[in-house]
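Report on the structure
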Amino acid sequence: MRYLIRNGMIVDGTGRAPFAGSVLTQDSKIEAIFPGWDNEQAGQAASQDVVVLDAGGGYITPGFVDIHRHGDWQALERGDDELLNRQGITTVINGNCGLSAAPQGGSHELEAEHFLHSIIGAKPSMETAGAGQEPEDPAASMKQYLAALSRVRRSVHTGMLVGGGTVRASVAGYGEGALTEAEEEIIRRKIRQSLEEGAFGVSLGIGYAPEYAYDEAGLIRVLEPVRGTGTPIAVHIRTEGDGADHAVAEMIHVAKALDAPLHLSHMKCIGKRNWRVTCAKELELVRQARQDGLDVTMDTYPYITGSTQLVHLIPPRYQREGTQALLGYLQDPSIRSRITRILQEPSTEYENIVELAGFENIAVTGIKSEAFASREGMTIADIARERGQDPYDTLYDVLLAERCECAMLDTYGCKEDLIDFLKDETCSVISDAIYPDGGRRHPRVYDAFPRFLISFVREKPVFRIEEAVRKMTSLPASVYHLDRGVLEVGKTADICVFRLENLRSHADFTHPDRMCTGFDYVLTAGEICVNQDRWTGNGCGNVLVPALRRA
C-alpha cells in the first residue's frame, strides 16, 4: 500500500525546525519527502495509485518511541496495542527496572512470578503464548520469550531488556545474603546468553529486592558481560530520595569501570527537602561524566506521581528472605513496631517513601482482597481514618491481605524539578507504565506522550514542538541504537499525524483507563493503526533485536 500524507508541517524527529511538506510511503518504508505546500512532485504522486491522507495543516512526525514500559506480558496478548497506538506510540522497549519477564526458572520461579505480579501483571496462559501448539515457556529464556512474541502480530514494534533482578532471583531468590562465586558466574552466563538471544541491554532495579543487596563491586562483577561491548545499562538507581545524587554517582562509577553506556531511568527527586536541591546535584554529576567521556543518558515521565509495588515501602532488611517470611514478620506485633520506628526516620540506606512523601500522598491500587476491595485508589491515610487505625498498621494490614501483590501511586515531587530533568539534552520522555494484576492503573499508561505535548508545548511552552518531538522519537531510539524515530527516505514508515490544538488527555487518577484523542492517523510500518482516533488493529509491528555488538 502507498500513502501520501499531504498538507502538513513535517517535524522530522531530529530537532530541526518544522517545514511544510508531504510524506510518501511505499509498503513499510518512507519512499519520498516533498518539501513545500504545493510541491509539484507531491501533486504528481497524488495522481498515481496512492491513498491520500490530509494532515489538515497539522504536524507529521515520526511515531513515538517509549523505551521504558513494563508491558512484558501484555505484549504476548496484544493487551496494550490499542492504548499505545492511540497515544502515538509505535515502538516500545519492555523489561525495565530489573523486572523482565525472562529469564526466570529454577527453584525460585514461583517466587519471581509472585514478585512480578504488581509490575508486569499475570503471566498469560500457555495456550495464548504458544498460539495453539504445545509452547515453550516464554519465561524460561530471552530466546523463548522473543519466539513467543514473534508469534504475536502486534501493532507496535517491541524490544526487550534483560532484567538483572529477574536473573538474580532465578539463581539465588530474593535473599540479601552474599552471592557465591558460582552464583555470580551463573548470573553472568544468563545475562550474556540473554544479550546474545536478542536483549538490547541490561536493566537494573537497585532500589528493589533482590538487587539492593549488590554493592558497587558486586554490580561490576555480575555486569562483566557488557564490558566494552557498547551494551547499555539502564538503571532504576538505589534511591530517588535522600542520597539520590550518591546513587547516581555509584552508577557512573560502575559504568566507567565497565566502559559501558549508562541510561538513568525515570529521574526524579522524592521528598520536599530534596526539591530544587538534589536535582541540580544529579544533573551536574551527569554533565561532568559526559565531559569525562562517558555515554550517559536519562529519561523521565511527565508526572510528579509515580507508581510501583506497595511492598517497596517496607525496609529492605525485612524482605531478605522473600515474601513468605515478610508476611510472617507483618503478623508479629513486635516486628511491626520495629518497622514503624524505621519508617518514621529519614534514611540514606534505602528509599523511605513513607517518610519522604507521607501516607496522605500514597494511594493503594491493584486491590484484590475482599477486606480492602472498596478502598481501591484511596490513600493509606484515608483508609486508616475510615478504620480508626494507625496508618502504619493499615499499611501492614493491606500488604497482608494482598499478600504483597498490590501496587501504589505516590505523589512525591515538584514540577520545577521535572522540567529541569526534561530540559537535559539527553532526557527522553517515557511512560514507565506498569500493569498490576487487577486494580486501577496510573494515567501515564494511557496518555504520557500526548500529556507531555499538552502540558509542556501547548499549555506551558517549555519546549518548541521540534524539541519535544525529538525527545519522544530519535532521542530515545538512539539510546538502544534503534533504526527508528526520524522521517527520512528509506526509514520505516512509523508516522503520527495530529494537530496540537486537538490533542486531549482524558485519563486521570479517578478514571485512568480513558484513551486520549486527537490523532488523525498513526502508521506503524506503513500501515494505518489509528484512523481519526479509531484503532484498526492492524498487526504490522516487528520484534526488534539489536544489530551486532562490539566484540
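So, here is what we can say about the structure in this document. Just so it is clear, the model here is predicted, and its values are computed rather than measured. (Residues numbered from 1 in each chain as written. Predicted model: local features only at pLDDT ≥ 70, side-chain atom pairs only at ≥ 80, totals over all residues. Heavy atoms only, no water.)

**Some remarks on the overall build of the protein chain**
When you go through the protein chain residue by residue, the secondary structure sums to 20 helices and 21 strands. In terms of overall size, the protein chain behaves like a compact globule, its C-alpha atoms giving a radius of gyration of 23 Å where 551 residues would be expected to give roughly 24 Å. A total of 551 residues make up the protein chain; the buried ones form 63% of that total. Expressed as a percentage of contacts within the protein chain between residues at least 6 apart in sequence, the contacts between residues at least 24 apart total 75%. Entry remark: accessible area of the protein chain is about 19700 Å², with carbon and sulfur atoms responsible for 47%. Positive and negative side-chain charges of the protein chain, numbering 57 and 78 respectively, have mean locations separated by a distance of 2 Å. (Helix = DSSP H or I, 4+ residues; strand = E, 2+ residues; numbered from the N terminus. Rg over C-alpha atoms; globule rule 2.2 N^0.38 Å. Buried < 20%, exposed > 50% of the residue type's maximum accessible area, 1.4 Å probe, protein only. Contact = heavy atoms within 4.5 Å. Areas by Shrake-Rupley, 256 points an atom, 1.4 Å probe, with all protein chains shown as cover. Lys, Arg positive; Asp, Glu negative; His and termini not counted. Charge placed at Lys NZ, Arg CZ, Asp CG, Glu CD.)

**Side note on the nonpolar core**
A general trend in soluble globular proteins is that nonpolar side chains are found buried together. One finds Tyr145, Leu223, Met251, Leu264 and Leu453 to be the most contacted residues of the largest nonpolar core, which totals 104 residues. Counting residues per element, this core draws most heavily on helix α18 (residues 444–459), at nine residues. For Met251, the contacting residues outside a window of four places in its chain are Leu204, Ile206, Leu219, Ile233, Val235, Ile237 and Leu262. Listed in part, the 50 residues of the second largest apolar core include Ile67, Leu356, Ile367 and Ile380. (Core = buried A, V, L, I, M, F, W, Y, C linked by side-chain atoms within 4.5 Å.)

**Structural notes on the environment of His157**
By the secondary structure assignment, His157 is in strand β8 (residues 157–160). His157 sits 32 residues away from Arg189 along the chain, and the two C-alpha atoms are 28 Å apart. Apart from residues no more than four positions distant in its own chain, His157 is found in contact with Thr90, Thr91, Val92, Arg484, Thr492, Asp494, Thr524, Ala525, Cys540, Gly541, Asn542 and Leu544. Separated by 3.0 Å, the side chains of His157 and Asp494 make a polar contact. (Polar contact = N/O pair within 3.5 Å; in protein donor to acceptor, adjacent residues only side chain to side chain.)

**Quick notes on the sheet that holds strand β9 (residues 162–163)**
With parallel pairing, six strands are arranged side by side in an open sheet as β9-β10-β11-β12-β13-β17. Edge strands, defined here as strands with exactly one partner in the open sheet, are β9 and β17 (427–429). The sheet contact formed by strand β13 (residues 296–300) and β17 spans three bridges and is parallel. In the strand pairing of β17, Asp299 is matched with Ser428. The strands that helix α10 (residues 244–258) touches are β10 (202–205), β11 (233–236) and β12 (262–264); relative to β12, the one it contacts most, it runs at about 160°. Sitting on the sheet, helix α17 (residues 415–423) is in contact with β13 and β17, with an inclination near 140° to β13. (Pairing = 2+ DSSP bridges. Axes fitted to C-alpha atoms, helices over the stretch in contact; angles between N-to-C directions.)

**So, the pairing of strand β7 (residues 89–94)**
Judged by how many residues are buried, β7 sits mostly within the fold: six of six residues are covered. Here strand β6 (residues 64–66) runs beside β7; their pairing, made up of three bridges, is parallel. Bridging from a neighbouring strand, Asp66 pairs with Val92 of β7.

**Some thoughts on the environment of Glu282**
Within the secondary structure, Glu282 is located in helix α11 (residues 278–291). The sequence separation of Glu282 and Asp245 amounts to 37 residues, and the corresponding C-alpha distance is 5.0 Å. Not counting residues up to four positions away in its chain, the partners in contact with Glu282 are Ile237, Ala244, Asp245, Val248, Met267, Lys268, Cys269 and Phe421.

**Looking at the sheet that holds β8**
Taking strand neighbours across the sheet as the criterion, the three strands line up as β6-β7-β8 in an open arrangement whose pairing is parallel. Each of the sheet's edge strands pairs with one partner strand only, and the pair in question is β6 and β8. The mean inter-strand angle of the sheet, taken between neighbouring strand axes irrespective of direction, is 15°. Relative to β8, β7 runs parallel, the two sharing four bridges. Pairing of Asn94 across the sheet is with Met160, part of β8.

**Details of the side chain of Ser347**
Along the chain, Ser347 turns up in the loop between α13 (333–343) and α14 (353–357). A polar contact is formed between the side chain of Ser347 and the backbone nitrogen of Tyr350, at a distance of 3.3 Å.

**Structural notes on the packing of helix α15 (residues 380–387) against helix α16 (residues 391–402)**
It is at 9 Å that the axes of α15 and α16 come closest, and there the two elements cross at 100°. As summarised for this structure, α15 and α16 are arranged roughly perpendicular, according to the angle between their axes. Every residue of α16 that contacts α15 at Ile380, Ile383, Ala384 and Arg387 is listed here: Pro391, Thr394, Leu395 and Asp397. Across the contact of α15 with α16, the residue classes tally to five nonpolar, one polar and two charged. (Parallel < 35°, antiparallel > 145°, perpendicular 65-115°, else oblique. Nonpolar A, V, L, I, M, F, W, Y, C, P; charged D, E, K, R; others polar.)

**Side note on the packing of aromatic side chains**
Under the defined criterion, the tally for this structure stands at 13 aromatic pairs. Both rings, one in Phe64 and one in Phe519, keep their centres 6.2 Å apart while their planes meet at 75°; by these two values the pair is edge-to-face. Remark: Phe519 occurs in strand β19 (residues 519–524) and Phe64 occurs in strand β6; sequence separation between them is 455 residues. What makes Phe519 buried here is its relative accessible area of 1%. For Arg168, the ring lying beneath its charged end belongs to Tyr214, and the centroid distance is 4.6 Å. A cation sits over an aromatic face here: Arg444 above Tyr301, 4.5 Å from the ring centre. (Phe/Tyr/Trp six-rings, centres within 6.5 Å; stacked < 30°, edge-to-face > 60°. Lys NZ or Arg CZ within 6 Å of the ring centre and 35° of its normal.)

**Side note on the pattern of salt bridges**
Inspection of the entire model under this criterion finds 32 salt bridges. When the shortest N-O distance is used, the salt bridge between Arg188 and Glu185 registers 3.0 Å. Residue Arg188 and its partner Glu185 are located together in helix α8 (residues 181–196), separated by three residues, close to a single helical turn. Of the residues examined, Arg188 reaches a relative accessible area of 15% and is grouped as buried. Arg499 is the partner of Glu501 in a salt bridge, and the nearest nitrogen-oxygen pair spans 2.7 Å. Of the residues examined, Arg499 reaches a relative accessible area of 27% and is grouped as partly exposed. Within the structure, one salt-bridge network assembled from shared partners comprises Arg78, Asp80, Asp81 and Arg154. (Salt bridge = Lys/Arg side-chain N within 4 Å of Asp/Glu carboxyl O.)

These figures come from the coordinates and say nothing about function on their own.
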